[in-house]
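Residue strings, one per chain:
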Amino acid sequence: MATSTKKRRQSHLNAGSQTSNSAASMFSGGQTDQLGVDGRFVEGSILRITMKNFLTYDYSVLYPGPNLNMIVGANGTGKSSIVCAICLGLAGKTAILGRGDKVIGLYVKRGCSKGFIEIELFKTGGNLVINREIHVENNQSLWMLNGRHCNQKSVEEEVKALHIQVNNLCQFLPQEKVGEFAKMSKIELLEATEKSVGPPEMYEYHCELKNFRNKERELENVVKEKASFLEKAKQRNERNKHDVNRYYEKKRHLDVIELLEKKKPWVEYETTRKEFEGAKKERDNAKKQLSALKQAQAPMLGKIQLIDNQLKPTEAQIKAKTIAIKEASLKCKQKQEQLDRKHKEIEDIKQTQRLKQMEEEDHQKRISNTRRTIDDLKAELAKVGDQPDVTPRINAVNVELRNIREERAKIEGEKADLRREKDNLHAEKLSDMNNMMNAKEQKLQRRHRDTHTALHWLRQNRQLFGGNVHEPMMLVINVRDHRFAKFVENHISFHDLRAFVFQRKDDMEKFMIEVRDKMNLKVNSISAPEESCSRRQPSRNIERFGFFTYLREMFDAPDEVMSYLCHQYKVHDVPVGNDQTKAMIKTVIEEPYLRVLYTTEERYTLKRSHYSNKISTSNSAVHPSQYLTITVDAEEKRLLEQQMKACEVKLREIDERIKTLQAEAATLDRRDNELLAEKKHLSEVKGKKRQLEQKISTKQDRQVCLEQFQTSTDRLCFTPTFIHICPAVVSTIVTPVFHGVFLQQKCSRLEQRKVQLTEQCKGLLKRAMAICKMKPDDIIPLNITSLCTFYGILSLSCGPVTAVDLPDTLDEIDAMLNEERSRAECFTGLSENVVDEYNRREQEIKHLEKELEDKSNALNAYRQNISEAKERWLNPLKQLVEQINDKFSDFFRSMQCAGEVDLHSENEEEYDKYGIRIRVKFHSSTQLHELTAYHQSGGERSVSTMLYLMALQELNRCPFRVVDEINQGMDPVNERRVFDIVVRTACKETTSQYFFITPKLLQNLQYADEMTVLCVHNGSQMLPPNQWDEKAFIRRCIQRKARA
C-alpha cells in the first residue's frame, strides 16, 4: 500500500519516524482534485497510479506530486513494483525492466488469474486514463483509453504524443538497468539524449543525416567504382591502342599491295602498248624507205634486167661450179668430222686410263690400311684374351643388385606405412572440435561483428601481452551437457559472454586502447580478480530440495574465467534443481542463504527485507540456449589429449625410425650405384672381345675381296692420222646483195611483231580490267596517272596513298610489292576483333564518362543536402551539449570533483559515429577518464549517472523521469551531495516530474516543500487505501510523542 503527502505536512512526523523505519506507517493525503489544484503539472505528468493484483500489491493507489517524488521503503516492499507498473501501464516492453522478457503474466500476483494497472496522465483539455488488464492464462493484455477499449498501438501513439519514452534510459532507469547506463556507448547515449531533451525534430534530423550519409556513401562507392572501371577501360584501350595502330599499319600495307597489284597490269599494258606504238612507227618508216628505194632503183632495175640477161650463161657455169664446190666441201666436212670423232675417242680413252690408275692407287691404300687394322685388332684381341672370364662376376653383381633393390623397396614401403600412420594419428575428433569452435565463432560473428574482428586481432598479436588473455567467454566456456547450456547462458549476461578476460589489468588497458580507441570497435573486456575465486565452496548442502548440482559444475572454463564468474555471478553457490524442486518451491524459498536458484524451466530470484525479514520472490522463464549448445565431452576431451600425448611420443619414434631408414636407403643407393658401375665395366670388357673378333673377321673378308679384284689396263697405242686437206680455193665474184630484199624481209618481221604485240595488249587489258573490277562498258583511263582519280584515294591510318605515289615501272612495282608484303607479314596475330573491341570500348568509355558525370552531380546535390541538414542538426546539438556540460560540470564542482560532457566524433562526416562522451574525475591526483562500465567503481558510476540525469532535468522536454535505487553503491558523503543536488534541481518550478526510488535515506538531509514523499510498507496488517485516515494517524502520532 502506498499513499502520498507534501513535505510540509510530514516534516514534523519524519523526525519521529526515523528511529522506526520498519514500522508499517504511511502518510496518506493527496487526492486527484488536490493535485489538480496545484496546477504545476506539465503535459504528460502522472497524476495517479492504481494497481490491483500486481506483483506484491493486492490493491493500491498512488498520487505523485508535480516535482520530486521520493518513494521510500524497505527492500521487498514493492518500490520497484511501482516502476514496473509505470513501464507496463504506458505500453513499455518487459525487456526494459530486465524481468521475465515477453512473459507478461509473471507480473500478476501469484495465485491470481489477472492483474490490473491504471495510470492517469495530465493533459490539457482533459486527462488521459490508460487501463491495462493482464491475463495469466493466455499471456495477453486488454487495453482501454478513457474507458474505451483499444489496442496497444493506440496507447503507444498517445504516449508518444506526450513525449513519454519508457525505453529511454535517460528518462526511465529501472533498478535492473542502472548498470546498463554506464555500459551505453557514446552513440547510444547521444540518441537517448536527443530523444529525451532535444527538440522533437533533432532526432529526426539526425536520422535524416545518417540516411543521407549512407546514400552519399553509396553514391561515393558508385562513383569510385565507375571511375575505377572507367580508368581500367581507358588503360585497356591504351594498351590495345598499339595493336590497333599496328592493325591499321598492316592494313595500309595491304591496301598498298592491292593498289600495286591493280596497277601492275596497267603498267604492263602501257609498256606493251608503247612497244607496239614503237614497232608500228618503225614499220611505217621502213615502208617509206622501201617505197623511196623502189622509186630510186627503178632506172637501175632496167639495167639490172639487161645485165641479168647477159649473165645467164655465166650464171649457169657458176651454178655448175658451185655445185662441184659444194660436193667437195661436203666430202671435206665429212672427213673432218671423222677426224674429230677419233680425237674425241682418244681423249676419252686417256681420261679413262687416268681414272683407272687413280682407282688402283686408292685400292692399294685400302688394302694396306685393312692389313694394318687387322694387325692392330689381333694385338688388342691378344691383350683381351689374357683376361679371365667376367661372366660369373656379372651374375654375382646382378644377384647383389636384386637384393639391394628388394631391401630398398622394403624400406620405402615401411617409410610409407610410417608416414600414413603419422598422418592418421591426427584424430577425426580434433577436427570435430575445430568445427565446433568454428560454429561458435560464426555465431559470434553474426551477433557481434566487432568482437569477432577484435578476436582475430588478438590471435595475431597475442605476443603483446604479459599475462593470460582469454578469448570471449562464449568460446572458452564448454558446457558438459548441452541440456545445461540454457542455465549457464541465462545466468551470464551476453555482454560478459562476449567479453575478453585478462589476467592483468595493464594488458586489458593495452587491449582496449588498440581495439576500442584505435580500431573504433565496440568490445567488452574483463579483468579477473587478483585472488582466484574458482575454488570457492558452496554455502551448504542442498540435496534435500531436489537440487542435483551447482551452476559451476555444469561447465568447464579457464581458471581466470571461472574465477571471475564465481566472483561476479556466484556460480559456485547457485543451485540447479529439477521438478521436485519446483514442487517444493514454497519450502525452498524459505532457506535464508538462497539468492538465486533454477528449476527445470524457471529462474527464481529471492530478496529478503532488512526490516521485516520478509522474502520477496520473482521468477522468470529460462530461455533456450543460443550460443553454448555446442559442447565437447570433457572426459572424451581428456582421453583424446592423453592419446595425443602418446601419439606425439610415437610420432617422435616414427621420425627417428624414418631418419634411420633414410640413412640406410642412402647407403643402399650408394652401393647400388657402385655395383651398377662395376656391372657396366664388366659388360663392356665382355662385349669388347666379341666385337674385336667380329671386326677382325670382317676386315679379313674385305682384304680377300680386294686382293682378288684385279684390273687389267690395256695399253692403247694410238697412231695419229693427220689428214691434210688442201681444198681448192674457188674464188667467185658474187653479185652484190640487193638492199631492197633486206628491207622487205625486215618489214615482214615487223608485221609479225605487230600482230604479237596486239594480241599481248588485248590479253593484258582484259587482265587489268578483271583485277580492277571494271565492266566491259567502263571507260578506260587515257593514261596510268588518271588511276588515282578513277579509283579515288585510299585513306589509311598512316596517311593517304594514291596511284600517283606508286612507281611507274614493272621492276619498281615488283620491288615495292615484295617490300610491302614483307612488311605486312611482320604484323602477325592481328585481327579486326581488336579494332572492333577498341571501338566498342571507346563507346563504353563515353557512356561511362556520361554516367560518372551524372553520378557526380547527384553526389554533389546530396552533399549540398547534407550540408543544409547538418546546419539544422549540429548547431542546436552543440548548444544542447554545451548546456548539459555546464550543468554537469557545476554539479561535479559542487562535489569537489570534476566532470565534463562533450560531443565526440572521430570523423565529422560520419554522422552515425557521433556520440556524447562523459568524462569524470573523483580524485585530484588523477586525470579525467571516460565513464565506462569497467574503469570507475560502482559508486562512481552511480554518481556520474545521477548527475548526468540531473543535468538533463531542467532541459528535459519529457513529462517525468524515473530513477530506481541508483544510490545503492554510493558512500554516505557522495549520497548526501547527490541528494542535495537532486532536491535543488528537481524542485524548481521549471522542471518536470521526477521519481526517486530508494530503500534508505541518510539522517539530517535537506528537504524542500515541493517534494512529495511516498512511503511504501508491506504486511498482512496493512489497511486498504480507502480505509486510511491520515488525520487520525497524525493525531495518534502526536499523542504518542506527548506521552513519551
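Residues numbered from 1 in each chain as written. Predicted model: local features only at pLDDT ≥ 70, side-chain atom pairs only at ≥ 80, totals over all residues. Heavy atoms only, no water.

K.L.:
Just checking my understanding: could you explain the overall build of the protein for this structure?
P.N.:
On a plain count of helices and strands, the protein comes out with 26 helices and 25 strands. In the protein, which comprises 1044 residues, the proportion classed as buried is 40%. Partitioning the intrachain contacts of the protein with sequence separation of at least 6 by distance along the chain shows that 74% fall at a separation of at least 24. By element, 50% of the accessible surface of the protein is carried by carbon and sulfur atoms, the whole surface being about 59,400 Å². (Helix = DSSP H or I, 4+ residues; strand = E, 2+ residues; numbered from the N terminus. Buried < 20%, exposed > 50% of the residue type's maximum accessible area, 1.4 Å probe, protein only. Contact = heavy atoms within 4.5 Å. Areas by Shrake-Rupley, 256 points an atom, 1.4 Å probe, with all protein chains shown as cover.)

K.L.:
How should helix H16 (residues 559-569) be read in this particular structure?
P.N.:
In an α-helix, one full turn covers 3.6 residues, which means residues spaced three or four apart are oriented alike. Where burial is concerned, most of H16 is hidden: eight out of the eleven residues are buried. Three or more residues of H16 are buried, namely Glu-560, Val-561, Met-562, Ser-563, Tyr-564, Leu-565, Cys-566 and Tyr-569. Where H16 ends, the next residue or the one after it, Lys-570, has phi of about 55°, a positive value.

K.L.:
Even after reading the chapter, I still don't get the pattern of salt bridges, so can you show me in this structure?
P.N.:
Pairing of side chains with opposite charge becomes possible as their charged atoms draw close. Counted under the stated rule, the structure contains 29 salt bridges. Between Glu-851 and Lys-226 there is a salt bridge, with its nearest N and O atoms 2.6 Å apart. A residue pair is termed long-range when its members are at least 10 positions apart, and Glu-851 in helix H23 (residues 832-894) and Lys-226 in helix H8 (residues 200-385) qualify at 625 residues. Ionic pairing is found between Glu-849 and Lys-234, a salt bridge with its closest N-O pair at 3.4 Å. With Glu-849 in helix H23 and Lys-234 in helix H8, the pair connects residues that are 615 residues apart, well separated along the chain. Taken together, the shared-partner salt bridges connect Glu-441, Arg-459, Arg-462 and Glu-471 into one network. (Salt bridge = Lys/Arg side-chain N within 4 Å of Asp/Glu carboxyl O.)

K.L.:
Could you clarify how one ought to interpret unusual backbone geometry in this entry?
P.N.:
For residues other than glycine, phi is negative in most cases, and the peptide bonds are mostly trans. The backbone of Asn-139 sits at a positive phi, close to 55°, despite the residue not being glycine. Asn-139 gets classed as partly exposed once you look at its relative accessible area, which sits at 28%. The residue Lys-570 is not glycine, and still its phi comes out positive at about 55°. Tracing the chain through its elements places Lys-570 in the loop between H16 and strand E16 (575-576). You can call Lys-570 partly exposed: its relative accessible area is 41%.

K.L.:
Quick question: what am I supposed to make of the sheet that holds strand E13 (residues 525-527) here?
P.N.:
Within a sheet, adjacent strands bond to each other through the backbone by hydrogen bonds, running parallel or antiparallel. Overall, mixed pairing links the three strands, which are arranged E10-E12-E13 in an open sheet. Each of the sheet's edge strands pairs with one partner strand only, and the pair in question is strand E10 (469-470) and E13. Pairing of strand E12 (residues 500-502) with E13 involves three bridges; the strand directions are parallel. Looking across to E13, one finds that Phe-500 is bridged to Ser-525. (Pairing = 2+ DSSP bridges.)

K.L.:
Explain helix H25 (residues 972-986) to me, please; I cannot follow it from the model alone.
P.N.:
A rise of 1.5 Å per residue sets the reference length of H25, with its 15 residues, at 21 Å; its end C-alpha atoms lie 21 Å apart and thus fit the reference within 8%. Among the residues making up H25, those that are buried are Asn-974, Glu-975, Val-978, Phe-979, Ile-981, Val-982, Val-983, Thr-985 and Ala-986. (Expected span 1.5 Å × (residues − 1).)

K.L.:
Could you clarify how one ought to interpret the sheet that holds strand E20 (residues 898-904) in this entry?
P.N.:
The sheet built from three strands is open, its strands ordered E20-E21-E22 with antiparallel pairing. For this open sheet the edge positions go to E20 and strand E22 (929-930), each flanked by a neighbour on one side alone. Sheet analysis places E20 next to strand E21 (residues 915-921), joined by seven bridges and oriented antiparallel. Residue pairing in the sheet places Val-901 in a bridge with Ile-918 of E21. Sheet contacts for H23: E20 and E21; angle to E20, the most-contacted strand, approximately 170°. (Axes fitted to C-alpha atoms, helices over the stretch in contact; angles between N-to-C directions.)

K.L.:
How should I be thinking about the confidence of the model for the protein in this particular structure?
P.N.:
Detailed conclusions should not be drawn from predicted coordinates in areas where pLDDT is low. Here the protein averages 75 in pLDDT, and 78% of its residues register 70 or above. By mean pLDDT, the top-scoring element of the protein is E12 (94), and the lowest-scoring one is helix H1 (residues 7-17) (30). Note that pLDDT drops below 50 for residues 710-738; the model gives that stretch twelve contacts with residues more than four away or on any other chain. (pLDDT = per-residue confidence, 0-100.)

K.L.:
I keep staring at the packing of aromatic side chains and nothing clicks. Help me out?
P.N.:
Here a ring pair, both rings aromatic, is described through the centre-centre distance and the interplanar angle of the planes. Per the counting criterion, the structure on display carries 17 aromatic pairs. Measuring from centroid to centroid gives 5.9 Å for Tyr-247 and Tyr-248, while their planes differ by 65°, and the two rings are edge-to-face. Looking at Tyr-247, the relative accessible area reads 15%, which means it is buried. Relative to Phe-511, the ring of Phe-500 has its centre 4.9 Å away and its plane inclined at 55°; by these criteria the two rings are tilted. Highlighted residues: Phe-500 in strand E12 and Phe-511 in helix H15 (residues 505-518), separated in sequence by eleven residues. With relative accessibility at 0%, the residue Phe-500 sits in the buried group. Its relative accessible area of 0% is what places Phe-511 among the buried residues. Through pairs of rings, three or more aromatic residues link up here, namely Trp-457, Phe-465, Phe-500, Phe-502 and Phe-511. Stacked on the ring of Phe-229, the Lys or Arg Arg-236 has its end atom at 5.8 Å from the ring centre. Sitting over the ring of Phe-494, Arg-447 keeps its end group 4.1 Å from the ring centre. (Phe/Tyr/Trp six-rings, centres within 6.5 Å; stacked < 30°, edge-to-face > 60°. Lys NZ or Arg CZ within 6 Å of the ring centre and 35° of its normal.)

K.L.:
Help me understand the environment of Asn-833, please; the structure alone is not making it clear to me.
P.N.:
Along the chain, Asn-833 turns up in helix H23. Since its relative accessible area comes to 56%, Asn-833 is described here as exposed.

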